[in-house]
Amino acid sequence: MTQMGKFAVIPTLDLKGGVVVHARAGNRADYRPIASPFGAADDPLSIARGLLSTTGSAILYIADLDAIAGTGDHFELVRGLADALHGTELWIDAGFSNISSCAFWLPLEATLVIGSETLAGIESWVEIHDGFGESVALSLDFDAAGNRGPEPLFNDPSLWPGRVIVMSLAKVGTGTGPDLERVERYIGAAGHCRIYAAGGVRNARDLTAIMALGAAGVLVGTSLHSGAITPKEIAALSRERRS
């Protein structure tokens, strides 16, 4: 199935210990402060602005790694970003596991990304989806060993919301290329859903390949900081989508 509409290149911002870090292969304990042309690691706002300017995106994906690990959170930092980046839609992944953990972040009026890896069971997802509806997106998380989370979520599209991220954690930040086969499989099963790919994107050719599958968009981080994907290439991709 081809999903119509503008192909979204969504930049990602990973926060840990108050700074922006380089996410790599899902080994969160080993993430280190990022080296970026957009700003210093301890200046998330400058980096966020650089990422948004490069991609022309109306969306910024933020992963609060401390919240995911259960060691704290970056709520106030993210609230500051939301205030400064007026008009930008934030997608926030903060280790949501139940209604209460979601409710804490609701004042930001952001899209909450529910990672399958943080759900104890399918009942937790159903409760969240019933409670918050299409204000949440689902991230189907995969590591090198396979699915991470309640198995029914990976096999039953009727459980999915309108936005689903196919997140290949083992490929994040590695530059090894996206898992196109997996992305294509979930697009084929998506029905009413918009599928977004994440993990391993190296360059504009990968963006084109993901777009050709019918994905609604892609999450990108490392290749933006390295300059492997440029604003000119993203603009060309948009023109190709419209043609």
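For the structure itself, consult the block above.
Residues numbered from 1 in each chain as written. Predicted model: local features only at pLDDT ≥ 70, side-chain atom pairs only at ≥ 80, totals over all residues. Heavy atoms only, no water.

### So, the overall build of the protein chain
Logical step 1: The secondary structure content of the protein chain amounts to 10 helices and 11 strands.
Logical step 2: Scaling as 2.2 N^0.38, a compact globule of 243 residues should have a C-alpha radius of gyration of about 18 Å, and the protein chain matches this with 16 Å.
Logical step 3: Dimensions along the principal axes, computed over C-alpha positions, put the protein chain at roughly 45 × 40 × 35 Å.
Logical step 4: Buried positions account for 53% of the 243 residues belonging to the protein chain.
Logical step 5: A sequence separation of at least 24 residues applies to 68% of the contacts in the protein chain between residues at least 6 apart. (Helix = DSSP H or I, 4+ residues; strand = E, 2+ residues; numbered from the N terminus. Rg over C-alpha atoms; globule rule 2.2 N^0.38 Å. Buried < 20%, exposed > 50% of the residue type's maximum accessible area, 1.4 Å probe, protein only. Contact = heavy atoms within 4.5 Å.)

### Thoughts on the side chain of T12
Logical step 1: Mapping T12 onto the fold places it in strand β1 (residues 8-16).
Logical step 2: Apart from the residues within four sequence positions on either side, T12 is in contact with L51, Y61, L219, V220 and G221.

### Here's the deal with the packing of helix α1 (residues 44-55) against helix α3 (residues 75-84)
Logical step 1: Relative orientation of the contacting elements α1 and α3 amounts to 45 degrees, with a least axis distance of 10 Å. Between α1 and α3, the crossing angle belongs to the class labelled oblique. In terms of crossing hand, the pair formed by α1 and α3 is right-handed. Taking contact as the criterion, the partners of P44, L45 and R49 in α1 are, on α3, L77, L81 and A84.
Logical step 2: Residues that form the contact of α1 with α3 fall into these classes: 5 nonpolar, no polar and 1 charged. (Axes fitted to C-alpha atoms, helices over the stretch in contact; angles between N-to-C directions. Parallel < 35°, antiparallel > 145°, perpendicular 65-115°, else oblique. Left-handed = near helix turned anticlockwise from the far one by under 90°. Nonpolar A, V, L, I, M, F, W, Y, C, P; charged D, E, K, R; others polar.)

### Focus: the pairing of β1
Logical step 1: Counting buried positions along β1 gives 8 out of 9 residues, so the element sits mostly inside the fold.
Logical step 2: Strand direction decides the pairing type here: β1 and strand β11 (residues 217-220), joined by 4 bridges, are parallel. Paired with A8 across the two strands is G217, which belongs to β11.
Logical step 3: Sheet topology places β1 next to strand β4 (residues 59-64); 4 bridges connect them, and they run parallel. Pairing of L13 across the sheet is with I62, part of β4.
Logical step 4: Relative to strand β2 (residues 19-22), β1 runs antiparallel, the two being bridged by 2 bridges. Opposite L15, over in β2, you have V20 as the bridge partner. (Pairing = 2+ DSSP bridges.)

### Here we look at the side chain of S116
Logical step 1: Positionally, S116 belongs in the loop between β6 (111-115) and α5 (122-132).
Logical step 2: The exposure class of S116 is buried, given its relative accessible area of 0%.

### A look at the pattern of salt bridges
Logical step 1: According to the stated counting rule, one finds 6 salt bridges in the structure shown.
Logical step 2: Across the pair R163 and E89 runs a salt bridge whose closest N-O atoms are separated by 3.3 Å. Remark: E89 occurs in strand β5 (residues 89-93) and R163 occurs in strand β9 (residues 163-168); sequence separation between them is 74 residues.
Logical step 3: A salt bridge links R148 to D143; the nearest nitrogen and oxygen atoms lie 3.8 Å apart.
Logical step 4: You can call D143 partly exposed: its relative accessible area is 25%.
Logical step 5: Several salt bridges share partner residues, and in doing so they unite E117, D143 and R148 into one network. (Salt bridge = Lys/Arg side-chain N within 4 Å of Asp/Glu carboxyl O.)

### A look at helix α8 (residues 204-212)
Logical step 1: Looking only at α8, the buried set comprises A204, D206, L207, I210 and M211. Each buried residue of α8 lies within a common arc of 155 degrees when the element is viewed along its axis, so the set occupies one face. Within α8, the exposed residues directed more than 90 degrees away from the buried face are R205 and A212.
Logical step 2: Of the residues that open α8, the one with a side-chain oxygen 3.1 Å from the backbone nitrogen of R205 is N203. (Arc of directions from axis to C-beta. Polar contact = N/O pair within 3.5 Å; in protein donor to acceptor, adjacent residues only side chain to side chain.)

### Re the environment of L52
Logical step 1: Here L52 is to be found in helix α1.
Logical step 2: For L52 and T208, which are 156 residues apart along the polypeptide, the C-alpha to C-alpha distance reads 19 Å.
Logical step 3: The contacts of L52, once residues within four sequence positions are left out, are P11, S57, I59, L60, L85 and T88.

### Here we look at the packing of aromatic side chains
Logical step 1: Applying the stated criterion to the full structure yields 8 aromatic pairs.
Logical step 2: Considering the side-chain rings of F104 and W105, the 6.0 Å spacing of their centres and the 80 degrees angle between planes classify their relative orientation as edge-to-face.
Logical step 3: Judged by its relative accessible area of 43%, F104 falls in the partly exposed class.
Logical step 4: Note on F142 and F154: the rings are 5.3 Å apart at their centroids and 70 degrees apart in plane angle, and the pair reads as edge-to-face. Note that F142 is positioned in strand β7 (residues 136-143) and F154 in helix α6 (residues 151-155), a separation of 12 residues in sequence. For the pair F142 and F154, one class covers both residues: buried.
Logical step 5: One aromatic cluster is present, built from ring pairs that chain together F75, F96, F104 and W105.
Logical step 6: The ring of F142 carries the charged tip of R182 above its face, separated from the ring centre by 4.0 Å. (Phe/Tyr/Trp six-rings, centres within 6.5 Å; stacked < 30°, edge-to-face > 60°. Lys NZ or Arg CZ within 6 Å of the ring centre and 35° of its normal.)

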